[in-house]
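Here's the letter readout for the chains.
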Amino acid sequence: MADSSTLVSETGRSLLADSSVLDSKIIETSKENVFRAAVLDVEAEEMPQIETRVVLVQEAGKREELLKALEEIKMPYIKTDTIEELGDSDCPEFETIFVVSDFQAPIFSNLCKADCRVIGPPVVLHCAQKGEPLPFSCRPLYCANMLNLVLCFTGFRKKDELVKLVTLVHHMGGIIRRDFSSKVTHLVANSTHGDKFRIAVSLGIPIVKAEWIYKAWEKRNEIDFSAADDDFRNQFKVPPFQDCMLSFLGFSDDEKANMEEMTEMQGGHYLPVGDERCTHLVVEESTVKDLPFEPLKKLYVVKQEWFWGSIQMDARAGESMYLFEKSESPDFKKSVSLLSLSTPNSNRKRRRLKETLAQLTRETDMSPFPPRKRPSAEHSLSIGSLLDISNTPESSTANGETPKSCARPSKNSTPLPLKQSARWQVAKELYQTESNYVDILTTIIQLFQVPLEKEGQLGGPILAQEEIKTIFGSIPDILDVHTKIKEDLEDLMINWTESKSIGDIILKYSKDLLKTYPPFVNFFEMSKETITRCEKQKPRFHAFLKINQAKPECGRQSLAELLIRPVQRLPSVALLLNDIKKHTAEENPDKITLERAIESLKEVMTHINEDKRKTEAQRQFFDVVYEVDGCPANLLSSHRSLVQRLETVALGDDLCDRGEQVTLFLFNDCLEIARKRHKVIGAFKSPHGHTRPPASLKHVVLMPLSQIKKVLDIRETEDCQKAFALVVRPPTELNNKLLSFQMTTEDPCKEDWLKMLCRQVANTICKADAENLIYVADPDSVEVNTKDMDSTLSRASRAIKKTSKKVTRAFSFSKTPKRALRRALMSHSATEGRSPSSTESYIGSRLTSTSSLAGVPSPSLVSLPSIFEKRSHTLSRSTTHLV
């Protein structure tokens, strides 16, 4: 469009002027001046240079950062409170720029009436930050929040509101265009009707509300702020269904409820069918053949594709492309049918029908493939043929489907026998299913992957590249391999002889199958989870799936259902190869080749299963690493595998406070102990937009299983339920330590867990008698009690204890942990041969004096020798070698 707008003026001329016209005139004038100066006589005297001077008005002169900024850009300045103080403000030797802090003050209006150059303090600070000179602007310029933005308005009827918006845009450095053109960067819309709105949608221009300008003006003093920032702008985008009242006809209750919810999420409202206020009636065209009422002229009756398409491109789609058409009446269809019989083409149609029927009757006797289709029908897609990849030969034979690629005539055109062999029939089935499989993979890529990866999507990318890669994986590579297999099978079937080798084709591509299938099959579950998550969290992706899954190419199957085909394909091929081998003569060389081909497929499937097992183990590793904050990096190891996870509660306070929730991760050679975090940090967001849940656990210790000396099965009593303990000796300690826990889950049971733990310990220390590691102990012998774990008083005591520990640490000078000090004292007492019990009680009482609010603390360390000497009769096994 031509920009023929007039300039903005104070005398009432158009406010929606193309403000770039004045800028272009200024540039042209300056170019003419440069040109004229170049052709002047070299001996002429140079024109005197005009010096730029900055005047800081009133409050602006009191801001130190402004003075410093002007000094950085080497700009002279003066301060003044009134314009009258400047007697030489109109002096031709100076180009005066006034800096005003308040664009609502009377002095600002006086400067504007005098056609003075006025800027705001943020402009000075912005130029100093960028190292640029002060800009030349024909209008007052307060900040650069909308610098280089070109705006166009539509749908505004109140002149006062429009005047205010245009003025604010100019104050922030923006440019206004009255007519919409390709140079417009943003459309400010007060309505979703009109040509400007339609053009902006088609060009993908951001469409925003007027609040975007007001909020940007509120941030006028923020130097680094830009109104074009995507996160800021998206808060004010015009939703697809703004000003729309929708009704839904022909949908199920669940689907209707989902669409009504989506309508409100996208800025619209929904009404019952028949309400006169309704603006759009969305119709399920497959179930509704006629409307139950005569629609009003103002009512748009559209297909459901309009609804989902609007959500997908994040803007209201044009209704003209999606209008619902009523089905023709039977009388009208009959009249059309009678009319067609009298047309000159009727005889030609009858003749073509007879030829087709005659050809079909000769098909089974003359050729294994149907006749060549007409060019118009050759590219049509049969839904049944596309999605039929059954594993059994009977299904395809019953359907009578033939791959379209088989329609080409034979290269050699050799006559075939009247009756084909059973080997040929199964080979034909193999080719049919392979052709259908290739069509399905092509549909997945062309209908789903390519549109999602397309650049310049309306409304921005639907999914992040990381999510697209997770969903589709190695599908393109799998398609390449099977396209080659299909072409080789097609050539074999066209030039069929009994001596042709089918096994060689599979063997030829066995390495490619081994390379392409494991990456997809192993991460298929993750692919499904990504589809489900994105469909719930991203309405545009949900709309994208609704549109494409309803197309005939998908055969009413979802993307997840189509993606399961590669998982099923290799077993299907193996079954068909077995059938071909059964119908292959012993003297045929292909018999041995088929056996090798079947073995190669089994090898691929075995590799997939083994690789999948490793992948699951690696995934469990990373889940632990992400879930446990501060998890040691050496936990990740190729020989290590996760055996069991157990949720417990600590019964002692050696590793952590008594009553804290502790998670035990049992690996085949180590035990990771982590406690529940008291404060969970925010979620981590990757650059691709994928949000990872925050770590819920805190690393305590990674213990090799070789440090576990005994496993204590604590007897069940009224005061002690589901408790067990570990006797461990770290390499830095001289004495054993007792770690006691209470299980909080029913699965696994305590007996199974202890056996599992002892088995892994025995394997680590190379002992065969895993059961001998389990000892039964009474709760009193190890001073373990679970009775008060769930009481309110116990929880309050633990909370007070945590608070008192923080206070103690805050006022401590040495910051030495109590457990570290106790450990040092115990090791010292052990070297002197004294019993640590008295020393421990003394030190413990001194150390806990600052935390008396916690009440009586639980024993943090138990002297194992004294316990087992005093109460050895409570143990069911000998404990003479515990120390």
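Our structure is the block above this text.
A quick note: this is a predicted structure, and the numbers were derived from the prediction, not measured.

(A) Just the overall build of the protein, in detail. Regarding its fold elements, the protein presents 30 helices and 23 strands. Taking all 883 residues of the protein together, 42% fall into the buried category. Contacts spanning at least 24 positions in sequence make up 67% of the contacts within the protein whose residues lie at least 6 apart. Just so you have it, the protein exposes about 48,600 Å², and 53% of that area is on carbon and sulfur atoms.

(B) Spotlight on the packing of aromatic side chains. For the structure shown, the criterion picks out 16 aromatic pairs. Summarising the aromatic geometry, the rings of F153 and F156 are spaced 5.6 Å apart at their centres and angled 70 degrees between planes, so their arrangement reads as edge-to-face. Residue classification places F153 among the buried residues on the basis of a relative accessible area of 4%. In this structure F156 comes out as buried when scored by relative accessible area, which is 11%. Look at F225 and F232: their rings are 4.8 Å apart centre to centre, the planes differ by 90 degrees, and that puts the pair in the edge-to-face class.

(C) Examining the side chain of H280 more closely. Along the chain, H280 falls in strand β11 (residues 280–283). Take H280: its relative accessible area is 2%, and that puts it in the buried class. Polar side-chain contacts of H280 include one of 2.9 Å to the side chain of T279. Setting aside residues up to four positions removed in sequence, H280 forms contacts with C244, M245, L246, S247, L299, Y300, W306, R316 and E319.

(D) Structural context of helix α17 (residues 465–472). Residues of α17 that are buried include every one of E467, I468, I471 and F472, and no others. Along α17, the residues classed as buried sweep out an arc of 115 degrees about the axis, all on the same side. Residues of α17 that are buried make contact with α16 (422–453), α18 (475–494), α20 (510–522), α21 (524–537), α22 (539–549) and α23 (559–563). G473, located one to two residues past α17, shows a positive phi value of around 55 degrees.

(E) Focus on helix α24 (residues 565–582). Here α24 spans 26 Å end to end across 18 residues, near enough to the 26 Å set by a 1.5 Å rise per residue. Along α24, the residues that are buried comprise R565, P566, R569, L570, S572, V573, A574, L576, L577 and I580.

(F) Summary view of the sheet that holds β11. Pairing within the open sheet is parallel, and its four strands lie in the order β10-β9-β11-β12. A single partner strand is all that each edge strand has here, and the edge strands are β10 (269–270) and β12 (300–303). Where strand β9 (residues 245–249) and β10 come together, two bridges link them in parallel fashion. Pairing of M245 across the sheet is with H269, part of β10. Contacting β9, β10 and β11, helix α9 (residues 253–265) runs over the sheet at an angle of about 170 degrees to β9.

Each value, and the rule that gives it
- Residues numbered from 1 in each chain as written.
- Predicted model: local features only at pLDDT ≥ 70, side-chain atom pairs only at ≥ 80, totals over all residues.
- Heavy atoms only, no water.
- Helix = DSSP H or I, 4+ residues; strand = E, 2+ residues; numbered from the N terminus.
- Buried < 20%, exposed > 50% of the residue type's maximum accessible area, 1.4 Å probe, protein only.
- Contact = heavy atoms within 4.5 Å.
- Areas by Shrake-Rupley, 256 points an atom, 1.4 Å probe, with all protein chains shown as cover.
- Phe/Tyr/Trp six-rings, centres within 6.5 Å; stacked < 30°, edge-to-face > 60°.
- Polar contact = N/O pair within 3.5 Å; in protein donor to acceptor, adjacent residues only side chain to side chain.
- Arc of directions from axis to C-beta.
- Expected span 1.5 Å × (residues − 1).
- Pairing = 2+ DSSP bridges.
- Axes fitted to C-alpha atoms, helices over the stretch in contact; angles between N-to-C directions.

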